[in-house]
Amino acid sequence: MLSRLIYASSVAKPLDPAGINLLLSQARLRNGLRGVTGMLVFDSKYFLQAIEGSQRELSSLYSLLVNDPRHCDLMLLKFGRIDSRLFPSWNMAFAPADAAHRAVFGRRMAGSRFDPYSLDGTAAESLLIDFMTVGADLSEALARD
Ligand SMILES: Cc1cc2nc3c(=O)[nH]c(=O)nc-3n(C[C@H](O)[C@H](O)[C@H](O)COP(=O)(O)O)c2cc1C
């Protein structure tokens with residue numbers, strides 16, 4: 001059963017670009033082997049991630065995620081069955097929630113601060129779609145690393 005899971009989390013200790021690239025390359029490799037797609041947004045403090053795949057794969061990935069010491073305070077925002085993927089071509093797309101992307105998240109978040117914990121599941125999903133639209137170039141650049 002194809003499903004999508006969206007959660008927010010907080011970085012446990014600072015992650016530099018090399019740390020993010022390592023995380024992404026591990027995630028993309030593993031996701032590619034397991035039919036998982038999705039998108040990760042990170043602002044140096046908070047993560048917002050969508051993962052899509054079979055219910056079984058998402059369930060085992062979520063338990064790995066909960067136990068990953070690189071982040072904490074996971075908050076499940078949305079989980080459910082889907083008919084089609086939002087990120088079919090991405091084993092894990094990435095976009096930074098940085099100043100250059102403030103226009104993307106600012107209108108969905110009070111005070112223009114990237115705070116994924118403030119979103120309900122529907123708003124989180126819409127925001128990830130917005131990021132996908134504007135962040136596609138960057139995701140591609142990172143995917144080629
Ligand atoms: C914010 C964040 C996002 C992650 N996303 C994924 C992911 O999409 N797919 C994945 O396999 N692992 C992801 N990971 C890594 C997993 O938590 C876990 O470390 C990894 O799957 C373990 O793989 P291994 O059992 O092969 O060592 C992520 C970790 C963090 C901190």
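Just so you know, these numbers come straight off a predicted model, no measurement behind them.

**Q** Whenever I open this one, the overall build of the protein confuses me. Can you help?
**A** The secondary structure content of the protein amounts to four helices and five strands. When the helices and strands of the protein are listed from N to C terminus, the series reads β-α-β-β-α-β-β-α-α. Compactness check: the protein gives a C-alpha radius of gyration of 14 Å against a globular reference of 15 Å for 145 residues, within 12% of the reference. Here the C-alpha coordinates of the protein stretch approximately 40 × 30 × 30 Å along the principal axes. Each of the 145 residues in the protein was classed as buried or not, and the buried ones make up 47%. When contacts within the protein are restricted to residue pairs at least 6 apart in sequence, those whose partners lie at least 24 apart make up 79%. Total accessible area on the protein is roughly 7400 Å²; 54% of this is exposed by carbon and sulfur atoms. For the protein, the centre of its 16 positive side-chain charges and the centre of its 15 negative side-chain charges are spaced 3 Å apart.

**Q** Any chance you could explain the pattern of salt bridges here in plain terms?
**A** Once their charged atoms are close, side chains differing in charge can pair, the charge on each being opposite to the other. Under the counting rule described, the total for this entry stands at seven salt bridges. Between Arg 4 and Glu 125 there is a salt bridge; the shortest N-O distance is 3.1 Å. Residue Arg 4 is found in strand β1 (residues 2-11), and its partner Glu 125 is found in helix α4 (residues 121-143); the two are separated by 121 residues along the sequence. Of the two residues, Arg 4 and Glu 125, both sit in the buried class. If you follow the salt bridges from partner to partner, you end up with Arg 4, Glu 52, Lys 78 and Glu 125 in one network.

**Q** What should I look at first to understand the site of the ligand in this one?
**A** Neighbouring the ligand are 14 residues, the closest being Arg 30, Asn 31, Gln 49, Leu 65 and Asp 68. Arg 30 places a side-chain nitrogen or oxygen 3.3 Å from an oxygen atom of the ligand. Measuring from an oxygen atom of the ligand, one finds a side-chain N or O atom of Arg 70 at 3.3 Å. Burial of the ligand by the surrounding chains reaches 76%, relative to a free accessible area of 610 Å². Secondary structure elements with two or more residues in the shell around the ligand: α1 (17-34), β3 (46-54) and α2 (55-66). Among the elements that take part in the shell around the ligand, α1 stands out by supplying four residues, more than any other. Class assignment for the residues of the shell around the ligand results in eight nonpolar, three polar and three charged.

**Q** It is not clear to me how the pairing of β1 should be interpreted in this structure. Could you clarify?
**A** Put simply, side chains in a regular strand alternate between the two faces of the sheet. The element β1 is extensively covered by neighbouring structure, given that nine of its ten residues are classed as buried. Relative to β3, β1 runs antiparallel, the two sharing nine bridges. Bridge pairing links Tyr 7 to Gln 49 in β3. By the bridge criterion, eight bridges tie β1 to strand β4 (residues 71-81) in an arrangement that is antiparallel. Its bridge partner lying in β4, Ile 6 is registered against Lys 78.

**Q** Would you mind going over the pairing of β3 with me for this structure?
**A** For β3, the tally of buried residues reaches eight of nine residues, placing the bulk of the element in the interior. Counted along the chain from strand β2 (residues 37-42) to the antiparallel partner β3, the turn is three residues long, and its residue Ser 44 has a positive phi close to 90°.

Parameters at a glance
Counting from 1, residues in each chain are numbered in the order their sequence is written. In view of the model being predicted, local features appear only for residues whose pLDDT reaches at least 70, and side-chain atom pairs are presented and counted only at 80 or more, with totals across whole chains, interfaces and linings using the full set of residues. As a convention, hydrogens and water are excluded, and side-chain values are obtained from all of the structure's heavy atoms. By definition, any uninterrupted DSSP run of H or I lasting at least four residues is a helix, any uninterrupted run of E lasting at least two residues is a strand, and each is numbered from the N terminus. For a compact globule the rule gives 2.2 Å times the number of residues to the power 0.38, and the radius of gyration it is set against comes from C-alpha atoms. Buried, partly exposed and exposed residues are distinguished by accessible area as a fraction of the type maximum, computed with a 1.4 Å probe on protein chains only: under 20%, between the cut-offs, and over 50%, respectively. Pairs of residues are marked as contacts when any of their non-hydrogen atoms sit within 4.5 Å. Where accessible areas are quoted, they stem from the Shrake-Rupley method and a 1.4 Å probe; at the residue level, only the protein chains shown are allowed to cover. For the purpose of charge, His is not counted, nor are the chain termini; Lys and Arg are scored as positive and Asp and Glu as negative. Every charge is mapped to an atom, namely NZ of Lys, CZ of Arg, CG of Asp or CD of Glu. Any carboxyl oxygen of Asp or Glu that lies within 4 Å of a side-chain nitrogen of Lys or Arg is treated as forming a salt bridge with it. Neighbouring residues are identified by heavy atoms, a residue being near a molecule or strand if any of them is within 4 Å of it. Two N or O atoms count as a polar contact when they lie within 3.5 Å, although within protein this holds only if one can serve as hydrogen donor and the other as acceptor, and sequence-adjacent residues are included solely when both atoms are side-chain atoms. Ten residue types, Ala, Val, Leu, Ile, Met, Phe, Trp, Tyr, Cys and Pro, are classed as nonpolar, four, Asp, Glu, Lys and Arg, as charged, and the remainder, Gly among them, as polar. Two strands pair under a simple rule: DSSP has to find at least two bridges between them.

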